[in-house]
Amino acid sequence: MRKTGITIALIAGLMIFGCGDKKKAEKPIDKPKVEKPKIDKPIAVKPKAEAPKAEAPKAEAPKTPGPEVAQCEKILSKSWTTIQPALKMLKIADPASLEDGYKKSAKTYLERCQLLPKELRDCLEAADNPVSGIDTCKVNEGKKSNEKLYAPDLRRHIKLFEIKPLDKKRAKKILAGLRGRWVNDWKAAKLHTTWKIKKTGEVAERRKGHGGKIEQRNFKISFVETNRMKMHWTETSTQSYIFLRAGRKMFFASGNLVYDFFPMLNPKSFIVRDSGDYIVYNKGKCKVVNETGRMTDGKCKFLKIKGKRAFKATWQYPGQVFLNGKPRMLERNYYVIGKNLVHESLYVSGKYLKK
């Protein structure tokens with residue numbers, strides 16, 4: 001019984017001890033702290049100061065034209081007035097209607113005139129004809145081409161020797177009349193050319209040049225304009241030739257359009273051309289005028305050159321000189337062929353004879 005009591009007591013003690021430890025072990029577990037999300041305070045952004053607005057550039061006051069502007073316009077007006085006789089000689093119709101166009105075309109002339117030293121502008125203004133004054137005042141002496149002063153030209157208004165369309169019947173008749181064998185013997189160039197022409201315009205050419213070299217080719221000719229022959233080298237390649245039929249057994253032809261021929265219906269009054277110069281012959285006197293209206297007196301006469309009747313013209317524009325400083329004297333001869341005057345170079349190089 002005693003043992004049983006002791007045992008019960010021990011068990012009870014152990015139970016008490018165990019319960020005490022359990023209490024110690026069962027401490028409350030701390031709950032995890034939940035942090036509140038931090039809300040960033042908005043940062044106040046100071047507005048950037050606006051850059052000062054750029055002020056609009058002040059419009060510059062228009063420059064007052066210098067005295068050279070008015071002087072050059074005055075020179076141009078005087079030029080127009082003094083070339084009036086030239087316009088009549090060139091048979092330009094209604095010249096009064098061309099004044100505005102003449103002055104509008106002179107923009108470059110006025111710009112270069114304004115760059116001239118005053119003494120040269122004064123010389124031009126004082127000249128009887130400011131167009132001729134370009135030479136007599138030596139305005140362009142020592143200047144490059146893009147600096148030189150050139151008077152406005154009248155080329156587009158000159159209708160002398162104007163090429164016109166040819167009537168088809170007339171064209172067909174000219175072509176048919178060329179059928180046969182024609183020879184050009186240009187001795188100075190040592191060039192001998194033979195054309196065999198068919199009535200349809202096909203040409204077989206044989207050319208013997210310097211050193212005896214022979215070349216042959218075929219092409220076709222036609223006539224669609226007055227005083228011109230159209231050369232058809234290929235189906236797409238053509239060229240205009242000067243053409244003058246001078247009798248049954250002679251014609252003149254050349255691809256150099258500078259060397260032309262001119263009608264002389266009245267042997268006492270006619271005009272011939274040499275590049276941009278027009279030689280006006282009237283009752284033994286001659287004047288020469290060019291396509292800018294520059295004029296000068298010429299010397300003209302009929303004479304014989306190697307037994308052939310010819311017309312000779314000699315002229316010089318005041319103030320024009322060659323590079324060696326000598327006066328630039330010009331001289332041209334024109335051979336009288338029927339009622340035409342043929343430029344000497346065309347006569348020498350472009351004469352074809354029927355053989």
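*Asks:* I keep staring at the sheet that holds strand β9 (residues 269-274) and nothing clicks. Help me out?
*Replies:* The strands making up a sheet associate through hydrogen bonds between their backbones, and the pairing can be parallel or antiparallel. Spatially, 8 strands are ordered β8-β15-β14-β13-β12-β11-β10-β9 in an open sheet, and the strand pairing comes out antiparallel. In the strand order of this sheet, the two ends are held by β8 (261-263) and β9, each with one partner. Direction aside, neighbouring strands of the sheet carry axes that sit 30° apart on average. The sheet contact formed by strand β11 (residues 285-290) and strand β12 (residues 295-305) spans 4 bridges and is antiparallel.

*Asks:* What exactly am I supposed to notice about the pairing of strand β6 (residues 238-245) here?
*Replies:* Put simply, side chains in a regular strand alternate between the two faces of the sheet. In the sheet, strand β5 (residues 228-232) pairs with β6 via 5 bridges, with the strands oriented antiparallel. Residue pairing in the sheet places Met229 in a bridge with Tyr241 of β6. Where β6 meets strand β7 (residues 250-254), 4 bridges bridge the pair, whose relative direction is antiparallel. Paired with Phe243 across the two strands is Ala253, which belongs to β7. As consecutive antiparallel partners, β6 and β7 are separated by 4 residues, and within that stretch Gly247 has a phi angle of approximately 100°, a positive value.

*Asks:* For this particular structure, what's the right way to read empty space enclosed by the protein?
*Replies:* Once rolled over the atoms, a probe with the size of a water molecule shows which space is left empty. Counted by the stated rule, this structure contains 1 cavity of 30 Å³ or more. Considered as a void within the structure, the largest cavity measures approximately 40 Å³ in volume. Around the largest cavity, the lining residues are Trp80, Leu98, Gly101, Tyr102, Ser105, Asp153, Leu154, Arg156 and His157. Residues that form the lining of the largest cavity fall into these classes: 4 nonpolar, 3 polar and 2 charged.

*Asks:* What's the story with helix α8 (residues 168-176) in this structure? I'm lost.
*Replies:* In an α-helix, one turn spans 3.6 residues, which is why side chains three or four residues apart end up on the same side. Among the residues of α8, Ala171, Ile174 and Leu175 are the ones counted as buried. Along the long axis of α8, the arc covered by the buried residues comes to 95°, so they all point the same way. Along α8, exposed side chains directed more than 90 degrees from the buried face belong to Lys169, Lys172 and Lys173. Buried residues in α8 make contact with β4 (214-225) and β6. Put simply, Asp167 is the residue that caps the front of α8, since its side-chain oxygen is 3.0 Å from the backbone nitrogen of Lys169.

*Asks:* Looking at this structure, how should I read the state of the cysteines?
*Replies:* One covalent bond between the sulfur atoms of two cysteine residues makes up a disulfide. Within this structure, the stated rule accounts for 3 disulfides. Between Cys72 and Cys113 runs a disulfide, and the two sulfur atoms are separated by 2.1 Å. Where Cys72 bonds to Cys113 through sulfur, the torsion about that S-S bond is close to -90°, and the disulfide is left-handed. You can see Cys72 sitting in helix α2 (residues 67-82) and its partner Cys113 sitting in helix α5 (residues 107-114), a full 41 residues away along the chain. Overall, Cys72 belongs to the buried group, its relative accessible area being 0%. We classify Cys113 as buried; its relative accessible area is 0%.

*Asks:* Looking at this model, I keep getting lost on the confidence of the model for the protein chain. Mind explaining?
*Replies:* One rule of thumb: low pLDDT means the predicted coordinates there are not for detailed reading. Of the residues in the protein chain, 82% reach a pLDDT of 70 or more, and the chain-wide mean stands at 87. In the model, residues 1-29 has pLDDT below 50 throughout and makes 0 contacts with residues more than four positions away in sequence or in other chains.

*Asks:* Would you explain the packing of aromatic side chains in this entry?
*Replies:* Any two aromatic rings considered together are summarised by their centre-to-centre distance and by the angle between their planes. One pass over the structure, following the stated rule, counts 20 aromatic pairs. Ring centres of Phe270 and Tyr281 lie 5.0 Å apart, and the angle between their planes is 25°; on these two criteria the pair is classed as stacked. Of this pair, Phe270 sits in strand β9 while Tyr281 sits in strand β10 (residues 277-282), placing them 11 residues apart in sequence. The same class applies to Phe270 and to Tyr281, which are both buried.

*Asks:* I'm lost on the pairing of strand β2 (residues 191-197) in this one. Help?
*Replies:* Judged by how many residues are buried, β2 sits mostly within the fold: 5 of 7 residues are covered. Sheet analysis places strand β1 (residues 180-186) next to β2, joined by 7 bridges and oriented antiparallel. The residue of β2 that forms the bridge with Trp186 is Leu191. The antiparallel hairpin formed by β1 and β2 contains 4 residues in its connecting segment, where Lys190 sits at a positive phi of about 55°. Strand direction decides the pairing type here: β2 and strand β3 (residues 202-208), joined by 6 bridges, are antiparallel. Considered in β3, the bridge of Ile197 is made with Val203. Hairpin connection, β2 to β3: the antiparallel pair is bridged by 4 residues, and Gly201 has positive phi, about 100°.

Cut-offs used in this document
- Residues numbered from 1 in each chain as written.
- Predicted model: local features only at pLDDT ≥ 70, side-chain atom pairs only at ≥ 80, totals over all residues.
- Heavy atoms only, no water.
- Pairing = 2+ DSSP bridges.
- Helix = DSSP H or I, 4+ residues; strand = E, 2+ residues; numbered from the N terminus.
- Axes fitted to C-alpha atoms, helices over the stretch in contact; angles between N-to-C directions.
- 1 Å grid on protein atoms, 1.4 Å probe; cavity = no way out; pocket = protein on both sides within 12 Å on 5 of 7 lines; lining within 4 Å.
- Points joined across faces, edges and corners; volume = space filled by probe spheres on them.
- Nonpolar A, V, L, I, M, F, W, Y, C, P; charged D, E, K, R; others polar.
- Buried < 20%, exposed > 50% of the residue type's maximum accessible area, 1.4 Å probe, protein only.
- Arc of directions from axis to C-beta.
- Contact = heavy atoms within 4.5 Å.
- Polar contact = N/O pair within 3.5 Å; in protein donor to acceptor, adjacent residues only side chain to side chain.
- Disulfide = S-S within 2.5 Å.
- pLDDT = per-residue confidence, 0-100.
- Phe/Tyr/Trp six-rings, centres within 6.5 Å; stacked < 30°, edge-to-face > 60°.

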